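Commentary on secondary and tertiary structure
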Amino acid sequence: MNAPLGAGDSSNSNDPLDQDQQYGPSGWNRPHRFIMNYQYDLPFGTHQGAKGKILNGWRISGITTIQSGLPLTFTDSSAGRIYGASGGRAQMCGGATHASIQTSGNVRDRLGGASGGSGFFNRAVFCEPPTGGIYGNSTGWGNSGRGIARGPGQFNWDISLTKNTLIKEGHAFQFRTEFYNAFNTPQFGNPDTALRNATFGQINSTAVNPRIIQFGFKYIF
């Protein structure tokens, strides 16, 4: 999915005469996204009396989300000054490719900052914005495109365990235990893509909360 200039992404601004540079993946584009909803009645059998009150009516259900990361655009606040702009796209160095932007390893080893690691991006692939020639001592637009890298993906499980206890026909108690991010797997947010920020390439947020467990109890009639 491609998006033109003005598609709601503040980084989608650069040389207004270069329309090709204004196109790229939409900010919400995820090329791989898998959602699984499931519900399973636990096979404890059907029992009578007190044993039935304990073993009957158990059910597990949930939602599993597996998806690739969002597209990222790199900005440089020192670019585009000759045009009176307050910044534009970052400039990629000669010979640098999109494939060389991201560092290697798993996300936890690439958080950067106080969390350690070299960061999510290879800073060396970006250079100063163009100067000289028609720009003089000022700066022109950077040459990097829109959505040229991707942030961390997600692999999240939300699980619910339910117990329905029949009281009489049409009446039941229901007890629920819900686990959000059931396996407490870190789901990281996007790294900083502003080249001049001290936190460039660092991941300082999560996209999903740590594991949350909540309980519910209701009477159904």
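Just so it is clear, the model here is predicted, and its values are computed rather than measured.

Description of the pairing of strand E11 (residues 154-168)
Looking at chain direction, strand E4 (residues 58-67) and E11 are connected through 10 bridges and run antiparallel. In the strand pairing of E11, Gln 67 is matched with Gln 154. Here nine bridges tie E11 to strand E12 (residues 171-180), and the two strands are oriented antiparallel to one another. Each bridged residue has a counterpart across the sheet, and for Ile 159 the counterpart in E12 is Phe 179. Taking the residues between adjacent antiparallel strands as the criterion, E11 and E12 are bridged by two residues, where Gly 170 takes a positive phi near 85 degrees.

Quick word on the sheet that holds E4
Read from one edge of the open sheet, five strands run E3-E4-E11-E12-E13, paired in antiparallel fashion. One side of each edge strand has no neighbouring strand; the edge strands of this open sheet are strand E3 (33-41) and strand E13 (212-220). When the angles between neighbouring strand axes are averaged without regard to direction, this sheet yields 10 degrees. Of the strand pairs in this sheet, E12 and E13 are connected by nine bridges, and their pairing is antiparallel. The partner of Arg 176 across the bridge, within E13, is Gly 216.

Concerning the state of the cysteines
According to the stated counting rule, one finds one disulfide in the structure shown. Note that Cys 93 is cross-linked by a disulfide to Cys 127, the S-S spacing being 1.8 Å. The S-S bond linking Cys 93 to Cys 127 shows a torsion near 110 degrees; that makes this disulfide right-handed. With Cys 93 in the loop between strand E8 (91-92) and strand E9 (126-127) and Cys 127 in strand E9, this pair connects stretches of sequence that are 34 residues apart. Take Cys 93: its relative accessible area is 15%, and that puts it in the buried class.

A look at the side chain of Thr 165
For Thr 165, the position within the fold is in strand E11. For Thr 165, a relative accessible area of 18% gives the class buried. Within the structure, the side chain of Thr 165 is placed 2.8 Å from the side chain of Lys 163, a separation counted as a polar contact. What Thr 165 contacts, discounting residues up to four positions off in sequence, is Lys 53, Ala 172 and Phe 173.

The rules behind these values
- Numbers given to residues run from 1 along each chain, matching the order in which its sequence is written.
- Residues qualify for local features only when their pLDDT is at least 70, as the model is predicted, and side-chain atom pairs are given and counted only at 80 or more; totals for whole chains, interfaces and linings, by contrast, use all residues.
- Calculated side-chain values reflect all of the structure's heavy atoms, with hydrogen atoms and water omitted.
- We treat two strands as partners when DSSP finds at least two bridges between them.
- Comment: elements are numbered from the N terminus, with helices defined as DSSP H or I runs of at least four residues and strands as E runs of at least two.
- Lines fitted to the C-alpha atoms define the axes, with helices restricted to the stretch that makes contact. Angles between their N-to-C directions range from 0 to 180 degrees.
- By convention in this document, the label disulfide applies to cysteine sulfur atom pairs within 2.5 Å.
- Relative accessibility decides the category of a residue: with a 1.4 Å probe and only protein chains considered, values under 20% of the type maximum give buried, values over 50% give exposed, and everything between is partly exposed.
- Polar contact is defined as a pair of N or O atoms within 3.5 Å, subject to the rule that within protein one atom must be able to donate a hydrogen and the other to accept it, and that residues adjacent in sequence are counted only when both atoms are side-chain atoms.
- In this analysis, two residues are considered to be in contact whenever any of their non-hydrogen atoms come within 4.5 Å of each other.

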